[in-house]
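Coordinate analysis (summary)
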Amino acid sequence: MKKVYFKTFGCRTNQFDTQVMMSKLHEFELSNDEITSDIIVVNSCTVTNGADSSVRNYISSMKRKNPDAKVILAGCGSHSKGESLFADKKVFGVMGHSEKENINEILKVETPFYEIGDLKHIDSTIVEEFIGKSRAFIKIQEGCDFRCSYCIIPAVRGDARSHREETILKQITKLAANGFGEFILTGTNVGSYGQDHNTSMAKLLKKISYIRGVRRIRIGSLEPIQIDDEFMELLDEPWMAKHLHIALQHTSDKMLELMNRRNSYKTDLELFNKIANRGYALGTDFIVGHPGEDEKAWKEAIDRVKTLPLTHVHAFSYSKRDNTVSAAMKPEVRGNIAKERHHELTEIIKAKNFAFRREHMGNLEVLLENGKDDVYHGFDQYFNRVEINSEEDLSSNWVLLNNVEVNSDGNKAKL
Ligand code: SF4
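These notes cover the structure that comes with them. Treat the numbers as computed from the prediction; the structure is a model and nothing was measured. (Residues numbered from 1 in each chain as written. Predicted model: local features only at pLDDT ≥ 70, side-chain atom pairs only at ≥ 80, totals over all residues. Heavy atoms only, no water.)

Around the ligand sit C144, F146, C148, Y150, C151, I153, P154, N189 and E223, and that is every residue in its neighbourhood. By residue class, the composition of the shell around the ligand is seven nonpolar, one polar and one charged. (Near = heavy atom within 4 Å. Nonpolar A, V, L, I, M, F, W, Y, C, P; charged D, E, K, R; others polar.)

Now the structure itself:
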């Protein structure tokens, strides 16, 4: 049997895609060693120019270290760089996203191939990823209809399309019967779920909540404009995690416009206040250092960050991606300035998170992961991490904590 090694670059979605491919390989042996493998499948990422270089460098290094192996390019990079790498004979084959489930047949092909497929396909396999024995990530949709200036994703993953509700519910039912209590819904643009099937995120959430054994549901990320009245009605449901991640990307109106975002600060602030008043912790994505972010725009943005009821942030420093609108924008922001802004932003949110945790020290429902040496970790309903010391085996248990010890770097408790 020929040995196949998978090399995965990039985000969680790509890791899911590698799992889809692995689950479809029947006539090959999965290998952990790239040097002795016959085939190397590179599930690539193309989100920035840096990501492209990492993939290219890896392919070149494999050509040196294992010259007999057939290198196959898969993933987002196959849609942006596949044609040129194939023409330059840097890879033996190229396979697009829609071809993942045919991998077993594709890898049998003896002559060089270019199977790019289309960007409308949705896999029939829904991937789950497990954290311990009680939390599961479920991918419910693929692709994105937005056209943010800095982002290449719609060009390489296609427009938004949803997995079938029936399949999602079946999968969750099976996992809940096996003891999983928390489900995290993910995708490229999760909040667009349902628009192509005449349904909505709120309807899906309700249906999931009816499944026996489901105790808590988290949503990977939402866009402000995706939060409608139907969704707001669910905020007090006991199975909703009391933390939402709502992607703003920026808080200066000038920057939001340059980024071609669909949100604006005024409505974002109203929305965030409304949700925070219902007892929620709120996180966001924020890009610092995008071209055009001058001192004035930054000052406005950071003052507004102070006003917003935020408790968590994923801060990214802008990184150029060719063939995006932002790549041609000027003036660019120097790396050291972006770094300083990144630091300023994360420190502010860290302080806000600390203050939030001091106000929420009791009634914390924590789902613990597997522990080691009597130390367990888990997340509470507000998505704050808690460390627990216990001599009892608490792996995959739910615990209710009152009066945790709140430190600047995290919550602690003893049981
Ligand atoms: S919402 Fe914007 S940043 Fe996110 S995937 Fe879509 S285009 Fe990219």
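And the narrative resumes.
Of all hydrophobic cores here, the largest spans 53 residues; its most connected members are L185, M201, L205, F231, L244, I275 and L345. With near-sequence residues (within four places) excluded, F231 lies in contact with M201, A202, L205, I219, L222, M240 and L244. Within the second largest apolar cluster, 16 residues are counted, among which are Y5, F9, M62 and L85. (Core = buried A, V, L, I, M, F, W, Y, C linked by side-chain atoms within 4.5 Å. Buried < 20%, exposed > 50% of the residue type's maximum accessible area, 1.4 Å probe, protein only. Contact = heavy atoms within 4.5 Å.)

A few words on the sheet that holds strand β6 (residues 113–115). Spatially, six strands are ordered β2-β1-β3-β4-β5-β6 in an open sheet, and the strand pairing comes out parallel. Edge positions in the sheet fall to β2 (29–30) and β6, since each has one partner strand and no second. Here strand β1 (residues 3–8) runs beside β2; their pairing, made up of two bridges, is parallel. Bridged to V4 within β2 is L30. Contacts from helix α2 (residues 49–65) reach β1, β3 (39–44) and β4 (70–75) within the one sheet, and its direction differs from that of β3 by about 170 degrees. (Pairing = 2+ DSSP bridges. Helix = DSSP H or I, 4+ residues; strand = E, 2+ residues; numbered from the N terminus. Axes fitted to C-alpha atoms, helices over the stretch in contact; angles between N-to-C directions.)

On to the environment of L248, then. Of note, L248 is situated in the loop between β13 (243–245) and α10 (253–258). The sequence separation of L248 and I287 amounts to 39 residues, and the corresponding C-alpha distance is 9.0 Å. Excluding anything up to four places from it in sequence, L248 contacts P224, L256, R261, N263, D268, F272, T284, D285 and L308.

A separate point is the pattern of salt bridges. A side chain of one charge can pair with a side chain of the opposite charge when the charged atoms of the two come close. A full pass over the atoms with the stated rule returns 29 salt bridges. A salt bridge links D123 to K100; the shortest N-O distance between them is 3.3 Å. One end of the pair, D123, is in the loop between β6 and β7 (128–131); the other, K100, is in the loop between β5 (93–95) and α5 (103–106), and 23 residues separate them in sequence. Each member of the pair, D123 as well as K100, is classed as buried. Taken together, the salt bridges that share partners define one network made up of D17, K100, D123, K139, E142 and R157. (Salt bridge = Lys/Arg side-chain N within 4 Å of Asp/Glu carboxyl O.)

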